[in-house]
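Listed below, chain by chain, are the residues.
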Amino acid sequence: MLSYIVRRVLYSVPVLLVASFVLFVGVRITFDPAAKLAFSQDPDAISRYKKSFGLDHPIVIQYIRWIGNFVRGDWGKSSRTSGDVFPMMTRSFGFTLQLIIWGVLVSAVLAIAVGVYSAVRQYSVTDYLFTGISYVGIALPPFWFGLVAIQFFVFTLAEWFNLGSKLFYFVGLHSTGQSGINLDYFRHLLLPVMTLTVQIIASWSRYERAAMLDVLGSDYVRTARAKGVPQRQVVFKHAFRNALIPLLTVIAIDAGLLFGGLVVTERIFSIPGMGRLFLDSLQTGDAYVLMAWFVVTAFFVILFNLMADLLYAVFD
């Protein structure tokens, strides 16, 4: 097992390096960090800027220098704010990480529960009900669901019950002067997590239902039933863990991609996470922030795929 883990980790390193190089070249071609000096009165300003930051060297040399600085924590300076990219990224990452942890946790628990129940009670009224709800959830655009959720849970409920204050909030993750995990935090967190998870729960539950039905129809499960093994033991000991294996790949890929930023969710609820940072940097052509953003996203996609490979042996 240890040798397998080492091999998988070693395989991931060149994949990350190739991905970072491709992303570096793409950003360099698309966005020129010296473009902000195009209207400078000094005709030599652009050439001096490129020379001072090494932009006059071949692209391979630029990449080698950039990746060397990157691993040491020097991610460059933002052309938009003139601040260091690293603290900007870590701050945005912290907000996004909170949403991902709660979103993936809630989605996994509910999706697995719904998927297993639907498979065990196949073609029942409840199965048809969950199937219909899941199709509706998949079809709901997150931006539309988020706006509707704000209107209903923040304003409509307050009007119905004549409340002096709102039950839930929709701006940021804390009220002014508040911090930490408390009631105020969860009142801010509910709506963003709902918006994030509505489609995820719907799709993951369908994957789990299909995987569970496939395992329940296998020979070893039929043999266990023929030998008189209780239904609960057949479902949870013999079928459940193996049915999780296909879903692991989906969860790993989706969770890894979420680290790139929840653009819609963070935009609607004014959360300064990775998605909002990406949009702001893209609109202003902030090359150093974009390069760091892409590499961080690629890292987590590769990391979560690696974790899925390692967990296969545990659940099988």
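Residues numbered from 1 in each chain as written. Predicted model: local features only at pLDDT ≥ 70, side-chain atom pairs only at ≥ 80, totals over all residues. Heavy atoms only, no water.

A. Quick peek at the overall build of the chain. Looking only at helices and strands, the chain has 12 helices and zero strands in total. Ordering the α and β elements of the chain from the N terminus gives α-α-α-α-α-α-α-α-α-α-α-α. A burial count over the chain gives 42% of its 316 residues as buried. At a minimum sequence separation of 6, the contacts of the chain that also span at least 24 residues come to 69%. With an accessible surface of roughly 17100 Å², the chain has 67% of that area assigned to carbon and sulfur atoms. The average position of the 25 basic charges and that of the 18 acidic charges among the side chains of the chain differ by 6 Å. (Helix = DSSP H or I, 4+ residues; strand = E, 2+ residues; numbered from the N terminus. Buried < 20%, exposed > 50% of the residue type's maximum accessible area, 1.4 Å probe, protein only. Contact = heavy atoms within 4.5 Å. Areas by Shrake-Rupley, 256 points an atom, 1.4 Å probe, with all protein chains shown as cover. Lys, Arg positive; Asp, Glu negative; His and termini not counted. Charge placed at Lys NZ, Arg CZ, Asp CG, Glu CD.)

B. Just helix α11 (residues 274-284), in detail. Buried within α11 are the following residues: Met-274, Gly-275, Leu-277, Phe-278 and Ser-281. The arc that holds the buried residues of α11, viewed along the axis, is 160°, so those residues lie on one side. Gly-285, located one to two residues past α11, shows a positive phi value of around 65°. (Arc of directions from axis to C-beta.)

C. Spotlight on the packing of aromatic side chains. Tallied over the full model, the rule gives 24 aromatic pairs. Centroid distance Trp-66 to Phe-70: 5.0 Å. Interplanar angle 40°. Geometry classified as tilted. You can see Trp-66 and its partner Phe-70 sitting in helix α3 (residues 59-71), four residues apart, about one turn around the helix. Of the two residues examined, Trp-66 and Phe-70, each falls in the buried class. It is Arg-206 that lies over the ring of Tyr-135; its NZ or CZ is 5.8 Å from the centre. (Phe/Tyr/Trp six-rings, centres within 6.5 Å; stacked < 30°, edge-to-face > 60°. Lys NZ or Arg CZ within 6 Å of the ring centre and 35° of its normal.)

D. Quick look at the pattern of salt bridges. Counted under the stated rule, the structure contains four salt bridges. For Asp-280, the salt bridge goes to Arg-267, with nearest N and O atoms at 3.6 Å. Taken together, the positions of Asp-280 in helix α11 and Arg-267 in helix α10 (residues 263-268) put the pair 13 residues apart, joining distant regions of the chain. (Salt bridge = Lys/Arg side-chain N within 4 Å of Asp/Glu carboxyl O.)

Limitation: the analysis is restricted to geometry and does not speak to function.
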